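Examination of the molecular architecture
Spelled out from the first residue to the last, the chains are:
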Amino acid sequence: MKRARKGSLWAKNFTPPTSEEVSLFCKYNGLAANRGEQSSVVVAAVGEFPCDHGSGARKSLLSREGAALNDINNPKLFEGDCWESLPAPKRKHDWLALDGEEGQTFQQYLEFVTMRSGRFKAQAAAEKSEIGLCPILQGGQDQWEGPSLQALLEITKAFFDRPVKLTEPAFVTDGPQGDRKRFPTFSFCQPASGGGGKFSIKGRLHAKSGVKYSRVQYHIDPLLTELSRLKDSLDPNMGMLVGVTMEDLYSHESDLFVAGMALEASKVAVFSFHRYNPFITMSDMLWHDYGYSSKVTTSTYFLGDGPRPAAMNPASPPVTSDADISEGLRRASRLLTHEICHLFGIDHCIHHRCLMLGSGHLEEDMEAPLHLCRVCLRKLSFRIGFSIKERYSKLLHVYKKYGLESEAQWLDNRLIQIDS
């Protein structure tokens, strides 16, 4: 869903920006230089009040339409100083240093999600509102070993104000024997779906002496294909199916890894939390070259060609402390909600620091907040039809429950601003 933004200041020949260039960047993108200020371009991106939400046919497809239409037409819900300005790129591999984007205003979003007749797209209808989460485990694994699935379910439910269902797990297992080092294949199945079949998927592995294979990645494209088939055999009220896994994924041979991929037309996606482990540190060149430190890492990548950290372990240590558990959940929740927003047609954001920022590398990804800016919030509110205050209150409860303290504090401040 990326689109090139003409005239991007740093898309080529990147050098760290000077303060004058940062000011020019903010001016070019219509951003405020200081937190809390509103620029004319950002205000325009939020859209007019009231918005032209179109015909009664479209209104009838919004759940709780009265609250939704009142909220998207209430400017107070989109004002305040909680939203920070979009930072200029600092590193040569940062998102906007590599791939400038033109952004997506609220009005552009309305044009995207509505058809020429003015009727709302069927995918947003309340009768297909359920989001399915399908854990994908390795064969022989009897339980999920990542961030709490119950916590991810509750956060997703509160974030999108939609029912969320945890399906029975699917499995990837060893496939047919053969030249496994050069042409590894694996099988994918979900026994509870009733289909009973196993489907072959590609993979790649890296072997070490005396070990069958120590690192493996699964090809994401066939996983998406099989999830599309699986979605059709599950609950007909399921609007989208999202596979979540702790297994490593890739798409092209040149990939270090891929965090996930979505098929908007089919309403399926798959995301890997493997590289979002709080302890992981990795090479930026070799997909199989990574390890785990004994404490949460502040830098995701090995620095230069120097020696690896002395405490590096080949396998992840158990995540036991409350702080480490919360950090793993925060990273996974950010990935999951960002990508589901893409399934709802929301593009990357260039208006504020926002969940929908793009990222050029994992460290930049970790810097993004878990909240939507006012532009993206208005889009999602229009598409789904929730009460913004009620949604904030539900998210606040869930974030406090699972120790996401900074996110809860942001919501506290936002609710105070709305009520003042």
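Nothing here was measured: the structure is a model prediction, and the numbers come from that model. Every chain is numbered independently, its residues counted from 1 as its sequence is written. Local features in this predicted model are restricted to residues whose pLDDT is 70 or higher, and side-chain atom pairs enter the listing and the counts only when it is 80 or higher, whereas totals over whole chains, interfaces and linings include all residues. Calculated side-chain values reflect all of the structure's heavy atoms, with hydrogen atoms and water omitted.

1. Notes on the overall build of the protein
The condition is simple: Secondary structure elements are defined from DSSP: runs of H or I of at least 4 residues count as helices, runs of E of at least 2 residues count as strands, and each element is numbered from the N terminus. Burial classes follow relative accessibility: with a 1.4 Å probe on protein chains only, a residue under 20% of its type's maximum area counts as buried, one over 50% as exposed, and anything between as partly exposed. Contacts were defined at the residue level, with two residues in contact if any of their heavy atoms lie within 4.5 Å. In this description, accessible areas are obtained by the Shrake-Rupley approach with a 1.4 Å probe, and a residue is regarded as covered only by the protein chains that are shown.
Scanning the protein from terminus to terminus reveals 13 helices and twelve strands. Looking at the protein as a whole, 54% of its 420 residues qualify as buried. Looking at the protein alone, contacts between residues at least 24 apart form 68% of all its contacts between residues at least 6 apart. Total accessible area on the protein stands at roughly 19,200 Å², and carbon and sulfur atoms take up 52% of it.

2. A look at the side chain of Ser-129
Locating Ser-129 in the fold gives a position in the loop between helix 6 (106–113) and strand 1 (130–138). A residue is classified by how much of its surface remains accessible, and Ser-129, at 17% relative accessible area, is buried. Apart from the residues within four sequence positions on either side, Ser-129 is in contact with Arg-162, Pro-163 and Asn-237.

3. Looking at the packing of helix 12 (residues 388–401) against helix 13 (residues 405–419)
Relative placement of two packed helices is described by the angle separating their axes and the distance separating the axes. Operational definition: Note on method: axes are straight lines fitted to C-alpha atoms, helices fitted across the in-contact stretch only, with angles between N-to-C directions ranging 0 to 180 degrees. Any angle from 65 to 115 degrees is called roughly perpendicular, while one under 35 is roughly parallel, one over 145 is roughly antiparallel, and all others are oblique. In a left-handed crossing the near helix is turned counterclockwise from the far helix by less than a right angle, and in a right-handed crossing that turn is clockwise. Classification used: nonpolar for Ala, Val, Leu, Ile, Met, Phe, Trp, Tyr, Cys and Pro, charged for Asp, Glu, Lys and Arg, polar for all others including Gly.
Where helix 12 contacts helix 13, the two axes come as close as 9 Å, and the packing angle between them is 150 degrees. In terms of orientation, helix 12 lies roughly antiparallel with respect to helix 13. When you trace helix 12 past helix 13, the crossing you get is left-handed. Between helix 12 and helix 13, the residues in contact are Lys-389, Tyr-392, Ser-393, Leu-395, Leu-396, Tyr-399 and Lys-400 and Glu-407, Ala-408, Trp-410, Leu-411, Asp-412, Arg-414, Leu-415, Ile-418 and Asp-419, respectively. Partitioned by chemical class, the residues of the contact of helix 12 with helix 13 number nine nonpolar, one polar and six charged.

4. Here we look at the environment of Pro-317
With respect to the element layout, Pro-317 can be found in the loop between strand 12 (290–292) and helix 9 (322–343). When near neighbours in sequence (up to four residues on either side) are disregarded, Pro-317 contacts Phe-279, Tyr-292 and Ser-293.

5. Quick notes on the side chain of Arg-204
What counts, and what does not: Under the rule applied, a polar contact is a pair of N or O atoms within 3.5 Å (in protein, one hydrogen donor and one hydrogen acceptor; residues adjacent in sequence only if both atoms are side-chain atoms).
On the secondary structure map, Arg-204 appears in strand 5 (residues 199–206). When its relative accessible area of 8% is taken as the criterion, Arg-204 is described as buried. Of note is the side chain of Arg-204, whose polar atom sits 2.7 Å from the side chain of Gln-217. A distance of 2.9 Å separates the side chain of Arg-204 from the backbone oxygen of Glu-253, its partner in a polar contact.

6. Some remarks on the environment of Ser-406
Looking at where Ser-406 falls in the secondary structure, it is placed in helix 13. On the basis of relative accessibility, which here comes to 47%, the residue Ser-406 falls in the partly exposed class. In the structure, Ser-406 is positioned 37 residues away from Pro-369 in sequence and 9.5 Å away in space, judged by C-alpha atoms. Polar side-chain contacts of Ser-406 include one of 3.1 Å to the side chain of Glu-407.

7. Section: the confidence of the model for the protein
For clarity, the threshold we go by: Per-residue confidence from the predictor is given as pLDDT, running between 0 and 100.
Taken residue by residue, the protein gives an average pLDDT of 77. The fraction at 70 or more is 71%. Taken as a whole, residues 1–14 scores under 50 in pLDDT and shows 51 contacts with residues more than four places along the chain or in a different chain. Note that pLDDT drops below 50 for residues 177–183; the model gives that stretch nine contacts with residues more than four away or on any other chain.

8. Brief notes about the packing of helix 7 (residues 149–160) against helix 12
Two elements in contact, helix 7 and helix 12, have axes separated by 8 Å at closest approach and are oriented at 160 degrees. If you check the angle between helix 7 and helix 12, you find them roughly antiparallel. In the packing of helix 7 onto helix 12, the handedness of the crossing is left-handed. Listed contacts from helix 12 to Glu-154, Ile-155, Ala-158 and Phe-159 of helix 7 are Arg-391, Lys-394, Leu-395, Val-398, Tyr-399 and Lys-401. A per-class count over the contact of helix 7 with helix 12 returns six nonpolar, no polar and four charged.

9. What about helix 8 (residues 220–233)?
One turn of the α-helix equals 3.6 residues, which is why residues spaced by three or four share an orientation. Short version of the rule: Helix span, expected: 1.5 Å multiplied by one less than the number of residues in the helix.
For helix 8, spanning 14 residues, the distance from its first C-alpha to its last is 20 Å, which sits close to the expected 20 Å at 1.5 Å a residue. Inspection of helix 8 places Ile-220, Pro-222, Leu-223, Leu-224, Glu-226, Leu-227, Ser-228, Leu-230 and Lys-231 among the buried residues, and these make up the whole buried set.

10. Considering unusual backbone geometry
Located in the positive-phi region is Asp-161, a residue other than glycine, with phi close to 50 degrees. Within the chain, Lys-267 stands out as a residue other than glycine whose phi angle is a positive 60 degrees. With respect to the helices and strands, Lys-267 occurs in the loop between strand 9 (260–263) and strand 10 (268–272).

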